[in-house]
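# Report on the structure
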Amino acid sequence: ARSAWILTRPGDELFVPINKYFLRSEENHGAFQDIFRLPAFVSFFTSGSERKKAQKERMWALHLLQDGIVDAACFRAVVRCHAPELLMVAFESHFLNDLEREAILRVLSRLLQ
């Protein structure tokens with residue numbers, strides 16, 4: 001739902017990276033090649049964009065992850081792509097701000113429920 005909303009707003013900072021993600025195509029399979037993986041989480045969380053845009057992309061990925069963990073199947077998908085380890089390593093990183101660290105803590109807390 002978040003992606004769809006952003007894709008209707010070409011002026012949004014996240015329009016280009018999200019649109020680019022969904023337009024990727026390998027032999028007509030499109031962006032969702034494996035329904036048991038987290039679409040776009042890793043690429044947005046580890047974004048190489050300029051600082052302000054990268055922070056916005058990381059926050060988008062963290063909100064997506066926090067809202068998307070609803071059952072055991074979601075938990076398995078998160079663990080399968082090593083998201084908890086990525087979040088714990090990133091937590092101590094110098095490139096995250098306090099808001100991003102708080103979002104990581106909320107995601108990790110959600111994973112433990």
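The numbers attached to residues start from 1 for each chain and follow its sequence in the written order. Given that the model is predicted, a residue must reach a pLDDT of at least 70 before its local features are reported, and side-chain atom pairs must reach 80 or more before they are shown or counted; all residues, however, enter totals for whole chains, interfaces and linings. The side-chain numbers reported here are obtained from all heavy atoms of the structure, hydrogens and water having been left aside.

## Considering helix 7 (residues 98–112)
Spanning 15 residues, helix 7 covers 21 Å between terminal C-alpha atoms, matching the ideal 21 Å at 1.5 Å per step. Residue exposure (1.4 Å probe, protein chains only): buried if accessible area is under 20% of the type maximum, exposed if over 50%, otherwise partly exposed. Comment: elements are numbered from the N terminus, with helices defined as DSSP H or I runs of at least four residues and strands as E runs of at least two. Those residues of helix 7 that fall on the buried side of the exposure criterion are Glu100, Arg101, Ala103, Ile104, Val107, Leu108 and Leu111. Taken around the axis of helix 7, the buried residues stretch over an arc of 160 degrees, which confines them to a single face. Helix 7 presents Asp98 and Leu112 as exposed residues on the side facing more than 90 degrees away from its buried surface. Only heavy atoms enter the contact rule, under which two residues are in contact if any of them lie within 4.5 Å. Where helix 7 is buried, its residues touch helix 3 (41–45), helix 4 (51–68), helix 5 (72–80) and helix 6 (83–91). For the purposes of these results, a polar contact is taken to be a pair of N or O atoms within 3.5 Å, where, inside protein, one atom must be able to donate a hydrogen and its partner to accept one; residues adjacent in sequence count only when each atom of the pair is a side-chain atom. Regarding helix 7, its N-cap is Asn97, as a side-chain oxygen of that residue lies 3.1 Å from the backbone nitrogen of Leu99 further along. Any helix carries an expected span of 1.5 Å times its number of residues minus one. Throughout, the arc means the angular range of directions from the helix axis out to the C-beta atoms.

## Considering the side chain of Ser93
Structurally, Ser93 can be placed in the loop between helix 6 and helix 7. Side-chain polar atoms of Ser93 contact the backbone nitrogen of Phe95, separated by 3.3 Å.

## So, the packing of helix 6 against helix 7
At their nearest, the axes of helix 6 and helix 7 sit 10 Å apart, and the two run at 150 degrees to each other. The interaxial crossing formed by helix 6 with helix 7 has left-handed handedness. Along the contact surface, helix 6 presents Pro84, Leu87, Met88 and Phe91, while helix 7 presents Arg101, Ile104, Leu105, Val107, Leu108 and Leu111. When residues are sorted by character, Ala, Val, Leu, Ile, Met, Phe, Trp, Tyr, Cys and Pro go into the nonpolar class, Asp, Glu, Lys and Arg into the charged class, and all the rest, Gly among them, into the polar class. Looking at the contact of helix 6 with helix 7 residue by residue, the classes come out as nine nonpolar, no polar and one charged. For helices, the fitted line uses only the C-alpha atoms of the stretch in contact; every axis is such a line through C-alpha atoms, and the angle between N-to-C directions lies from 0 to 180 degrees. The handedness criterion is simple: a crossing whose near helix is rotated anticlockwise from the far helix by less than a right angle is left-handed, and one whose near helix is rotated clockwise is right-handed.

## Section: unusual backbone geometry
One non-glycine residue, His82, adopts positive backbone phi at about 60 degrees. Inspection of the secondary structure assignment puts His82 in the loop between helix 5 and helix 6. Classification of His82 as partly exposed rests on a relative accessible area of 48%.

Geometric values such as these leave the question of function open.
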